[in-house]
Amino acid sequence: MYRITNESKYIAVTFTGSVSFSELLDAFLRITALPGFGDKSRIWIFKGDDETSLSLATISSVMPIVQKLNLKNRKNKVAIVLQNGLQNAVTGLFHSGGSQKGAPRVDLFEDVDSAVQWIAA
């Protein structure tokens, strides 16, 4: 299940529990129809109560999809918030792909406040 919040500077998608590819794609298609989509950064928030609701295997398969879906517009940032302790475990998925020019456009966070601050910077 997910919820979309359309803020002035960003669009946040909050998933609770396990995440399927079809649910992720559905959320992405819905946010692309929102006013201002092309001008706003995105925050993808994954809340899992425990490892069974949001496992490392699920995160490992979902995160590259989120990254690719959001890379077309290079001026906007994408923050991914993992609130179940898996943030450190998946950091390598994003920072092992070679060097990027300039500041990173996709980054991982453990809490929403940090993600919002990064997007605003």
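Just above, that's the structure.
Notes on the structure in this doc start here. (Residues numbered from 1 in each chain as written. Predicted model: local features only at pLDDT ≥ 70, side-chain atom pairs only at ≥ 80, totals over all residues. Heavy atoms only, no water.)

### Quick word on helix α4 (residues 112–120)
Then, number 1: Listed in full, the buried residues belonging to α4 are A115, W118 and I119. Each buried residue of α4 lies within a common arc of 100° when the element is viewed along its axis, so the set occupies one face. What points out from α4, more than 90 degrees from its buried face, is the exposed set D113, Q117 and A120.
Then, number 2: Contacts made by the buried residues of α4 are with β2 (10–16), β3 (41–47), β4 (78–82) and β5 (106–109).
Then, number 3: By the N-cap criterion, in which a side-chain oxygen at the helix start approaches the backbone nitrogen of a residue two or three places on, α4 is capped by D111, the distance to D113 being 3.3 Å. (Buried < 20%, exposed > 50% of the residue type's maximum accessible area, 1.4 Å probe, protein only. Helix = DSSP H or I, 4+ residues; strand = E, 2+ residues; numbered from the N terminus. Arc of directions from axis to C-beta. Contact = heavy atoms within 4.5 Å. Polar contact = N/O pair within 3.5 Å; in protein donor to acceptor, adjacent residues only side chain to side chain.)

### A closer look at the sheet that holds strand β1 (residues 2–6)
Then, number 1: Spatially, the 5 strands line up as an open sheet ordered β1-β2-β3-β4-β5, and their pairing is mixed. In this open sheet, the two edge strands, each paired with only one partner strand, are β1 and β5. Averaged over all adjacent pairs, the angle separating strand axes in this sheet is 15°, with direction ignored.
Then, number 2: With 5 bridges connecting them, β3 and β4 associate as parallel partners. Looking across to β4, one finds that I43 is bridged to A79.
Then, number 3: Sitting on the sheet, helix α1 (residues 21–32) is in contact with β1, β2 and β3, with an inclination near 20° to β1. (Pairing = 2+ DSSP bridges. Axes fitted to C-alpha atoms, helices over the stretch in contact; angles between N-to-C directions.)

### Thoughts on the side chain of N76
Then, number 1: Counting through the fold element by element, N76 comes out in the loop between α2 (56–69) and β4.
Then, number 2: A distance of 2.8 Å separates the side chain of N76 from the backbone oxygen of G38, its partner in a polar contact.
Then, number 3: Within the local environment of N76, its side chain forms a polar contact with the backbone oxygen of K40, the two atoms lying 3.2 Å apart.
Then, number 4: If we ignore the near neighbours within four places in the chain, the residues touching N76 are F37, G38, D39, K40, S41, R42 and R105.

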